[in-house]
Amino acid sequence: SYRECPMCKGIGLTRSSEATAISYFRKIWLMLAQKKPAAVRGTFSVQVANYLLNRKRTDLADLEKQYDASIVIEASTALHAHEGHLEFTPREAPL
């Protein structure tokens, strides 16, 4: 779903916080399944981070367990609701 853009006072549309959170959740899931990183760190707007930590907490925990990876979600007041950043830490190569 979309909402009025707070920057242009409704002239444009941006994704809602919920839609953005679901999109990033899917990206996390896809990267865990494909690349098998050791850790994922996501930095999002406060609204998106709250959605992920409150509404998707169980799903994130399930992904951590299934893919044996750490997932850290952080909030940043400097980001708008449609902005976010994901970092993936690769697993160390066995000796």
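Going by the structure above, here's the rest.
Residues numbered from 1 in each chain as written. Predicted model: local features only at pLDDT ≥ 70, side-chain atom pairs only at ≥ 80, totals over all residues. Heavy atoms only, no water.

(A) Representation of the overall build of the protein within the structure. Summing up its helical and strand segments, the protein has 3 helices and 5 strands in all. Ordered by position from N to C terminus, the α and β elements of the protein give β-β-α-β-α-α-β-β. Counting only residues that meet the buried cut, the protein has 35% of its 95 residues in that class. Sequence separation of at least 24 residues holds for 73% of the intrachain contacts in the protein that already meet a minimum separation of 6. Surface exposure of the protein reaches about 6,300 Å², of which carbon and sulfur atoms provide 52%. (Helix = DSSP H or I, 4+ residues; strand = E, 2+ residues; numbered from the N terminus. Buried < 20%, exposed > 50% of the residue type's maximum accessible area, 1.4 Å probe, protein only. Contact = heavy atoms within 4.5 Å. Areas by Shrake-Rupley, 256 points an atom, 1.4 Å probe, with all protein chains shown as cover.)

(B) Layout of the sheet that holds strand 4 (residues 70-75). Pairing in this open sheet of 3 strands is mixed, and the strands run 4-3-5 from one edge to the other. Strands with a single pairing partner mark the edges of an open sheet, and in this sheet they are strand 4 and strand 5 (84-89). When the angles between neighbouring strand axes are averaged without regard to direction, this sheet yields 15°. Its contacts with the sheet put helix 1 (residues 17-35) on strand 3 (39-44), strand 4 and strand 5, and the angle it makes with strand 5 is roughly 15°. Seen against the sheet, helix 2 (residues 46-55) touches strand 3 and strand 4 and runs at an angle of roughly 145° to strand 4. (Pairing = 2+ DSSP bridges. Axes fitted to C-alpha atoms, helices over the stretch in contact; angles between N-to-C directions.)

(C) Examining helix 3 (residues 57-67) more closely. Among all positions in helix 3, only Leu60, Leu63 and Tyr67 are buried. Here the buried residues of helix 3 occupy an arc of 55° about the axis, which is enough to place them on one side. Helix 3 presents Arg57, Thr58, Lys65 and Gln66 as exposed residues on the side facing more than 90 degrees away from its buried surface. At the C-terminal side of helix 3, Asp68 shows a positive phi close to 50°. (Arc of directions from axis to C-beta.)

(D) Fine view of the packing of aromatic side chains. Within this structure, the stated rule accounts for 2 aromatic pairs. When the ring of Tyr24 is compared with that of Phe44, the centres are 4.8 Å apart and the planes differ by 55°; the resulting orientation is tilted. In this pair, Tyr24 is assigned in helix 1 and Phe44 in strand 3, connecting sequence segments 20 residues apart. The pair Tyr24 / Phe44 is uniform in exposure class, with both members buried. Measuring from ring centre to ring centre gives 6.2 Å for Phe25 and Trp29, while their planes differ by 55°; the resulting arrangement is tilted. Linking Phe25 with Trp29, this pair stays in helix 1, spanning 4 residues, or about one helical turn. (Phe/Tyr/Trp six-rings, centres within 6.5 Å; stacked < 30°, edge-to-face > 60°.)

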